[in-house]
Amino acid sequence: MKIDIRSTTIIGVRHKGRVAMAGDGQVTFGEMAFKQKAIKVRDFKVAKNQVLGGFAGAAADALTLFEKFEQKLEQYEGDLKRATVELAKEWRMDKMLRHLDAMLVVMNKQNSFIIAGDGNVIEPDGQVVSIGSGGGFAQAAAEALLKNTQFSAKKIASESLKIAADLCIYTNHSISVLEIS
C-alpha cells in the first residue's frame with residue numbers, strides 16, 4: 001500500500017513539559033481547495049484531554065479512525081501505546097478499515113506515534129512529530145525553533161505550521177492549535 005498524503009500538515013511538539021499539536025484547515029480534492037477552516041486536530045475526552053490527535057488524508061476516513069482510536073483509548077484506560085498498537089492491528093486486518101486513506105498522529109506527554117493503514121506504527125525519537133504534505137517543512141522549522149528560540153511548545157507548533165503553509169500548496173494559514181500541560 002503506497003501512502004501519498006497530499007492534503008494537510010499536522011505537527012506535534014513536546015517541549016518544557018507541555019505538548020502542542022497544530023493542523024492547518026485546508027481541505028483539497030485533487031487540485032481544488034474546497035474548505036479553508038477545517039479542524040484536523042483534537043483532544044480525547046476519554047483520556048481526560050491528555051491525548052492529542054491529528055489526521056492527514058481523507059476526512060471521512062480519518063474521522064472514522066479517530067472514533068475507533070477513541071474506543072481503543074477507552075478500552076485500554078487511556079494507555080496511548082496499547083491503544084495505538086491495537087488500532088493499527090485492527091486497521092490492517094479489518095476488511096473495511098484497511099481501505100481507509102488517512103494517517104494519524106497521536107501524542108501525550110510521554111509518547112508520540114504515527115499510525116498508517118499499512119500496519120505501521122512509528123514512534124519518532126525526538127520531540128517533534130509531523131505528517132501530511134507539509135510535514136517535512138513543518139518538522140524542519142520546529143527543530144530549528146526548538147534549538148534557537150525560547151518559544152513554548154504551542155508557539156513552536158504554530159510558527160512551524162505557518163512556515164510550512166508558505167511552502168506547501170496543500171497547507172494553508174488557517175491554523176488550529178491544541179495544548180496539554
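Please refer to the structure higher up on the page.
Here goes a summary of the coordinates provided.

Conventions used here
Residues numbered from 1 in each chain as written. Predicted model: local features only at pLDDT ≥ 70, side-chain atom pairs only at ≥ 80, totals over all residues. Heavy atoms only, no water. Salt bridge = Lys/Arg side-chain N within 4 Å of Asp/Glu carboxyl O. Helix = DSSP H or I, 4+ residues; strand = E, 2+ residues; numbered from the N terminus. Buried < 20%, exposed > 50% of the residue type's maximum accessible area, 1.4 Å probe, protein only. Phe/Tyr/Trp six-rings, centres within 6.5 Å; stacked < 30°, edge-to-face > 60°. Pairing = 2+ DSSP bridges. Contact = heavy atoms within 4.5 Å. Axes fitted to C-alpha atoms, helices over the stretch in contact; angles between N-to-C directions. Parallel < 35°, antiparallel > 145°, perpendicular 65-115°, else oblique. Left-handed = near helix turned anticlockwise from the far one by under 90°. Nonpolar A, V, L, I, M, F, W, Y, C, P; charged D, E, K, R; others polar.

**Describing the pattern of salt bridges**
Between side chains of opposite charge, pairing is possible as soon as their charged atoms come close.
Turning to step 1, where the next piece is worked out: This structure, assessed with the given rule, holds ten salt bridges.
Turning to step 2, where the next piece is worked out: Measuring nitrogen to oxygen at the nearest pair gives 3.3 Å for the salt bridge that ties E70 to R42. Taken together, the positions of E70 in helix α1 (residues 59-75) and R42 in strand β5 (residues 41-43) put the pair 28 residues apart, joining distant regions of the chain.
Turning to step 3, where the next piece is worked out: Owing to a relative accessible area of 26%, R42 belongs among the partly exposed residues under this scheme.
Turning to step 4, where the next piece is worked out: Residue E86 is joined to K89 by a salt bridge in which the shortest nitrogen-to-oxygen separation is 3.3 Å. You can see E86 and its partner K89 sitting in helix α2 (residues 80-93), three residues apart, about one turn around the helix.
Turning to step 5, where the next piece is worked out: Residue class for E86 comes out buried when judged on its relative accessible area of 14%.
Turning to step 6, where the next piece is worked out: Within the structure, one salt-bridge network assembled from shared partners comprises K68, K72 and E90.

**Details of unusual backbone geometry**
Turning to step 1, where the next piece is worked out: At K16, a residue that is not glycine, the phi angle is positive and equals roughly 55°.
Turning to step 2, where the next piece is worked out: One non-glycine residue, N49, lies in positive phi territory at about 60°.
Turning to step 3, where the next piece is worked out: Position of N49 among the secondary structure elements: in the loop between β5 and β6 (52-57).
Turning to step 4, where the next piece is worked out: Look at N49 and you get partly exposed, because its relative accessible area is 29%.

**Things to note about the packing of aromatic side chains**
Each aromatic ring pair is characterised by the separation of its centres together with the angle its planes make.
Turning to step 1, where the next piece is worked out: Per the counting criterion, the structure on display carries three aromatic pairs.
Turning to step 2, where the next piece is worked out: For the pair F55 and F66, a centre-to-centre distance of 5.8 Å together with 80° between the ring planes defines the contact as edge-to-face. You can see F55 sitting in strand β6 and its partner F66 sitting in helix α1, a full eleven residues away along the chain.
Turning to step 3, where the next piece is worked out: The buried category is assigned to F66, whose relative accessible area is 3%.

**Describing the sheet that holds strand β8 (residues 112-116)**
Turning to step 1, where the next piece is worked out: An order of β5-β6-β7-β8-β9 is seen for the five strands of this open sheet, with the pairing classed as antiparallel. Both outer strands of the open sheet, β5 and β9 (121-122), are each paired with one neighbouring strand and no more.
Turning to step 2, where the next piece is worked out: As judged from the six bridges shared by β6 and strand β7 (residues 102-107), these two strands associate in the antiparallel manner. In the strand pairing of β7, A56 is matched with M103.
Turning to step 3, where the next piece is worked out: Its contacts with the sheet place α2 against β7, β8 and β9, and it is angled at close to 10° to β8.

**Overview of the packing of helix α3 (residues 135-148) against helix α4 (residues 153-167)**
Turning to step 1, where the next piece is worked out: Contact geometry of α3 with α4 gives a least axis separation of 8 Å together with a crossing angle of 140°. In terms of axis orientation, α3 runs oblique to α4. Both α3 and α4 take part in a crossing whose hand is right-handed. Along the contact surface, α3 presents F137, A138, A141, A142, L145 and L146, while α4 presents I156, E159, S160, I163, A164 and L167.
Turning to step 2, where the next piece is worked out: Residue classes in the contact of α3 with α4 are distributed as ten nonpolar, one polar and one charged.

**A few points about the packing of α1 against α2**
Turning to step 1, where the next piece is worked out: It is the contact of α1 with α2, at a shortest axis distance of 9 Å, that shows an interaxial angle of 130°. The angle between the axes of α1 and α2 places the two elements in the oblique class. Once α1 is placed against α2, the crossing between them reads as right-handed. Of the residues in α2, those touching α1 at L65, K68, F69, K72 and L73 are L80, A83, T84, E86, L87, E90 and W91.
Turning to step 2, where the next piece is worked out: Taken together, the residues that form the contact of α1 with α2 break down as seven nonpolar, one polar and four charged.

Take it as geometry only, folks, not as evidence of what the structure does.
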